[in-house]
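Summary of the model geometry
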Amino acid sequence: MSSSERTDRATALITGASSGIGYQYARQLAARGYDLLIVSNDAEGIANSAAEIRKQYGVRVSPLYRDLSAENAAEDLYRYCEDERLDVEVLVNNAGVFFFDDLARVDSRRIELMLRLHVRTTTLLCHYFGRSMQARGRGYILNMSSMSAWMPFPGISVYAATKSYLRTLSLAIRNELYDRGVRVTAVCPGAVATGLYNLSERYQRLALRLGIMMTPERLARKGLRALFSGRRRTVPGFVNRVFVPLAGLIPGPIVRLIKRKAKFYRYGR
Ligand SMILES: NC(=O)C1=CN([C@@H]2O[C@H](COP(=O)(O)OP(=O)(O)OC[C@H]3O[C@@H](n4cnc5c(N)ncnc54)[C@H](OP(=O)(O)O)[C@@H]3O)[C@@H](O)[C@H]2O)C=CC1
Ligand SMILES: CC(=O)[C@H](N)C(=O)O
């Protein structure tokens, strides 16, 4: 199955497409000829993204304002697609948030929001749309995990654990859905130059020049290539792939020493 064989008026649903990587996924799926349903919790941002993509690619783009951390967000989004008779062939679970802090110190509402958005809603979207895709005998699900899925480090405990969950979930459901014509891929990037961590543009430019960060365009291209070629997971970037097996080997005393010394440790508070 390849994206060039997609059905007429097939729709790609991308969560968190008002900015960053999600916006690039949306543009690149529109370039492949998909109609789009793009979702975020910034009404103006998502409407602007839709207008830009519609103008550039001439496909149908529906913007939808939703808080995907809400209790019934996944079911509500699925029902919306059913009511609108959208044939969702590609689901990109991209919406995400980030904070850097100790679990015992951070506001519990931030923890809950991250868990609901990354874990609950994403899992249920895979459940609802995976069920329709398997009944139809085709479909693609891309879940945004992260290189942090292998990094159980202080400050990113909840973020890393949710991304680790998404990596595991993706691999398991890939093998549940594979023989029914549905492909599932976990995309596990290192640092990407978006607004996720409030890093200044100056530092982003420097990090891009040094090859520490990747542009969201490039990341989205690599993610979609992995999805449409049926790969179970991708860790884009050579340095990131080298770091992944080493991350879990760093001894606790070294991790704690870095925590004590690092200036960035108060970031986000
Ligand atoms: N940037 C990086 O280095 C990396 C990012 N990732 C993952 O990639 C994904 C995209 O991140 P990135 O593009 O960098 O970050 P951005 O902050 O640019 O994009 C996040 C998107 O998620 C949306 N979103 C956040 N909260 C909600 C919510 N409650 N309901 C609906 N939409 C929501 C945002 O919408 P709005 O702004 O309108 O609220 C935005 O469109 C995330 O899952 C992130 O964890 C993974 C590895 C590396
Ligand atoms: C913290 C990371 O490793 C990664 N850049 C991410 O944002 O997921």
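Residues numbered from 1 in each chain as written. Chains lettered and ligands numbered in written order. Predicted model: local features only at pLDDT ≥ 70, side-chain atom pairs only at ≥ 80, totals over all residues. Heavy atoms only, no water.

The immediate surroundings of ligand 2 are formed by S146, S148, M151, Y159, G190, A191, L196 and Y197. A distance of 2.6 Å is found between an oxygen atom of ligand 2 and a side-chain nitrogen or oxygen belonging to Y159. Relative to its free-state accessible area of 250 Å², ligand 2 is covered by the protein chains to the extent of 87%. (Near = heavy atom within 4 Å. Polar contact = N/O pair within 3.5 Å; in protein donor to acceptor, adjacent residues only side chain to side chain. Areas by Shrake-Rupley, 256 points an atom, 1.4 Å probe, with all protein chains shown as cover.)

Once that is clear, we can look at the sheet that holds strand β5 (residues 139-144). If you walk across this open sheet you meet the 7 strands as β3-β2-β1-β4-β5-β6-β9, and the pairing is parallel. Only two strands of the sheet have a single neighbouring strand rather than two, namely β3 (61-65) and β9 (233-234). Note: β5 against strand β6 (residues 182-187), 6 bridges, orientation parallel. When the sheet's bridge partners are listed, N143 is paired in β6 with A186. (Pairing = 2+ DSSP bridges. Helix = DSSP H or I, 4+ residues; strand = E, 2+ residues; numbered from the N terminus.)

A few words on the pairing of β6. Burial analysis of β6 places 6 of its 6 residues in the buried class, the great majority of the element. The parallel pair β5 and β6 is bridged by helix α5 (residues 157-177), and the resulting crossover is right-handed. In this sheet, β9 lies alongside β6 in parallel orientation, the contact comprising 2 bridges. By the bridge assignment for β9, V187 is matched with T234. (Buried < 20%, exposed > 50% of the residue type's maximum accessible area, 1.4 Å probe, protein only. Right-handed = clockwise from strand over helix to strand, strands pointing away.)

It is the contact of helix α4 (residues 108-136) with α5, at a shortest axis distance of 10 Å, that shows an interaxial angle of 10 degrees. Between α4 and α5, the angle falls in the class roughly parallel. In this structure, α4 contributes I111, M114, L115, H118, V119, T122, T123, C126, G130 and Q134 to the contact, and α5 contributes V158, Y159, T162, K163, Y165, L166, L169, I173 and L177. Across the contact of α4 with α5, the residue classes break down as 12 nonpolar, 6 polar and 1 charged. (Axes fitted to C-alpha atoms, helices over the stretch in contact; angles between N-to-C directions. Parallel < 35°, antiparallel > 145°, perpendicular 65-115°, else oblique. Contact = heavy atoms within 4.5 Å. Nonpolar A, V, L, I, M, F, W, Y, C, P; charged D, E, K, R; others polar.)

A cluster of nonpolar side chains, contributed by L199, Y203, L206, L210 and I212, occupies part of the molecular surface with about 480 Å² of accessible area. With respect to the helices and strands, the residue L210 is situated in the loop between α6 (201-209) and β8 (213-214). (Patch = residues over 30% accessible without salt bridge, like charges linked within 9 Å, V, L, I, M, F, W, Y side chains within 5 Å. Salt bridge = Lys/Arg side-chain N within 4 Å of Asp/Glu carboxyl O.)

Let's shift gears to helix α8 (residues 238-247). Every buried residue belonging to α8 is among N240, V244 and A247, and all of these are buried. Along the axis of α8, the buried residues cluster in a sector spanning 80 degrees; they form a single face. Exposed and facing more than 90 degrees away from the buried side of α8 are F238, V239 and P245. (Arc of directions from axis to C-beta.)

A contiguous patch of positive charge on the surface is contributed by R32, R218, R221 and R225. Looking at where R218 falls in the secondary structure, it is placed in helix α7 (residues 216-228). R218 sits in the partly exposed class, given a relative accessible area of 39%. (Lys, Arg positive; Asp, Glu negative; His and termini not counted. Charge placed at Lys NZ, Arg CZ, Asp CG, Glu CD.)

Turning to the site of ligand 1, a few remarks are in order. Around ligand 1 there are 30 residues in total, and N41, Y159, V192, T194 and Y197 lie nearest to it. Residue S18 places a side-chain N or O atom 2.8 Å away from an oxygen atom belonging to ligand 1. Here an oxygen atom of ligand 1 and a backbone polar atom of I21 are 2.8 Å apart. When the free accessible area of ligand 1 is taken as 880 Å², the share hidden by the protein chains comes to 91%. In terms of residue class, the shell around ligand 1 is made up of 13 nonpolar, 13 polar and 4 charged.

Take the pattern of salt bridges next. A full pass over the atoms with the stated rule returns 13 salt bridges. In this structure, R136 and D87 form a salt bridge, with 3.1 Å as the shortest nitrogen-oxygen distance. Note that R136 is positioned in helix α4 and D87 in the loop between α3 (73-83) and β4 (88-93), a separation of 49 residues in sequence. On the accessibility criterion, R136 (36% relative accessible area) is partly exposed. With its nearest N and O atoms 2.8 Å apart, the salt bridge here joins R109 to D107.

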